[in-house]
Amino acid sequence: MAPTLADPFHDSSALREFVINQGNGVKGLSELGLAALPKQYIQPLEERTCMTNIVPQETIPIIDMSNWEDPQVAKSICDAASKWGFFQIVNHDVPIEVLENVKDATYKFFRLPAEVKNKYSKEHSSSNNVRFGTSFTPQAEKALEWKDYLSLFYISKAEASALWPSVCREQVLDYMNKSEVVIKQLLQVLMKGLNVNEIDETKESLLMGSMRTNLNYYPKCPNPELTVGVGRHSDVSTLTILLQDEIGGLFVRENESDNWIHVPPIRGSLVINVGDALQIMSNGRYRSVEHRVVANGSNNRISVPIFVNPRPDDMIGPLPELIASGEKPIYKQVLYSDYVKHFFRKAHNGKKTVGFAEL
């Protein structure tokens with residue numbers, strides 16, 4: 001039951017009921033045609049995107065992967081991971097139709113009725129590995145983020161077949177499966193850049209032992225300048241492989257300054273970013289970088305990241321090869337699941353999570 005439109009969500013419990021408990025999400029709010037943004041989404045001034053801090057002429061590196069083993073290409077990848085923490089890849093091995101299919105499937109999922117999507121919410125999902133939600137951590141946030149998502153943690157094909165929504169299951173599995181080649185290429189190059197020349201089974205499972213794919217939906221927003229799609233944060237992954245649509249809105253912090261760089265959508269490209277786990281394992285040589293998503297007043301936007309992670313029960317710390325060659329560790333060994341819990345326990349707060357692992 002949609003609330004009346006005068007000031008429908010003055011009361012936070014009415015907003016929570018409509019958005020979270022009934023499963024309408026911010027998509028449901030957007031479709032009410034509200035004249036003004038509900039106050040629960042108004043971000044403090046310092047968290048809003050200030051257009052004077054956007055550097056229009058800068059862009060993150062764009063790397064052609066068609067000859068990924070070429071030493072120059074490998075150098076570009078390692079340089080981008082060290083300096084920027086973000087880069088885009090083109091001419092990679094994931095077919096364009098696989099990318100288009102997963103984008104279509106994302107729209108199909110979010111077009112489902114609220115009561116169907118709500119079956120996958122925290123309260124109703126039959127598994128923690130399948131989660132429909134809104135914002136980031138609503139119970140810990142002072143101001144909510146303007147985003148809905150479906151999060152799919154991959155355990156096995158059998159579990160995905162049994163539990164993932166049928167409207168997007170095959171397309172997400174295909175996207176994850178086809179991306180694996182590119183993930184392995186990137187990790188091979190990045191490890192070589194650290195003089196780790198062999199990725200054995202143990203190392204591979206440490207770098208990419210678990211994967212999660214999110215389908216993100218950022219609906220059209222009244223007063224987009226007052227809120228955020230996603231607040232400032234770095235990812236907790238080893239690497240994140242992001243498919244974005246043509247709308248744009250992802251911004252990356254430039255080299256620890258107050259400036260932000262837009263990541264322009266390029267059809268068929270994938271955006272790659274270093275996560276905290278790789279920053280820790282590389283002993284700070286590769287950098288996970290803060291990024292954020294702005295809200296949009298005129299278009300709906302979707303994105304589909306694959307988070308490539310260690311396994312929850314892995315200990316992560318600087319790789320032994322780096323310490324053996326005489327580097328002084330700047331991070332301690334931490335249990336990866338503890339690190340992730342620390343991230344999800346609080347609102348997005350820039351790069352503060354990595355402090356959890358600092359010596």
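Above this text is the structure in question.
Please read these numbers as outputs of a predicted model, since none were measured by experiment.

Cut-offs and rules
Residues numbered from 1 in each chain as written. Predicted model: local features only at pLDDT ≥ 70, side-chain atom pairs only at ≥ 80, totals over all residues. Heavy atoms only, no water. Helix = DSSP H or I, 4+ residues; strand = E, 2+ residues; numbered from the N terminus. Rg over C-alpha atoms; globule rule 2.2 N^0.38 Å. Buried < 20%, exposed > 50% of the residue type's maximum accessible area, 1.4 Å probe, protein only. Contact = heavy atoms within 4.5 Å. Polar contact = N/O pair within 3.5 Å; in protein donor to acceptor, adjacent residues only side chain to side chain. Pairing = 2+ DSSP bridges. Axes fitted to C-alpha atoms, helices over the stretch in contact; angles between N-to-C directions.

Engineer: Can you break down the overall build of the protein chain residue by residue, with the values?
Structural biologist: Of regular secondary structure, the protein chain possesses 11 helices and 14 strands. Here the protein chain has a C-alpha radius of gyration of 20 Å; the compact-globule value for 359 residues is 21 Å, and the two agree. Seen through its principal axes, the protein chain has C-alpha atoms that stretch 65 × 50 × 40 Å. Looking at the 359 residues of the protein chain, the share that counts as buried comes to 56%. Pairs at least 24 residues apart make up 76% of the contacts formed inside the protein chain by residues separated by at least 6 positions.

Engineer: Pulling in residues and values, what's your account of the side chain of Glu145?
Structural biologist: One can find Glu145 in the loop between strand 3 (130-134) and strand 4 (148-154). Of note is the side chain of Glu145, whose polar atom sits 2.9 Å from the backbone nitrogen of Gly231.

Engineer: Account for the sheet that holds strand 5 (residues 210-218), naming residues and giving values.
Structural biologist: Pairing is mixed across the open sheet formed by eight strands, whose spatial order is 1-2-10-7-12-5-4-3. Edge positions in the sheet fall to strand 1 (62-64) and strand 3, since each of these pairs with one other strand and no more. The sheet shows a mean angle of 25° between the axes of neighbouring strands, direction not considered. Pairing of strand 5 with strand 12 (residues 301-309) involves seven bridges; the strand directions are antiparallel.

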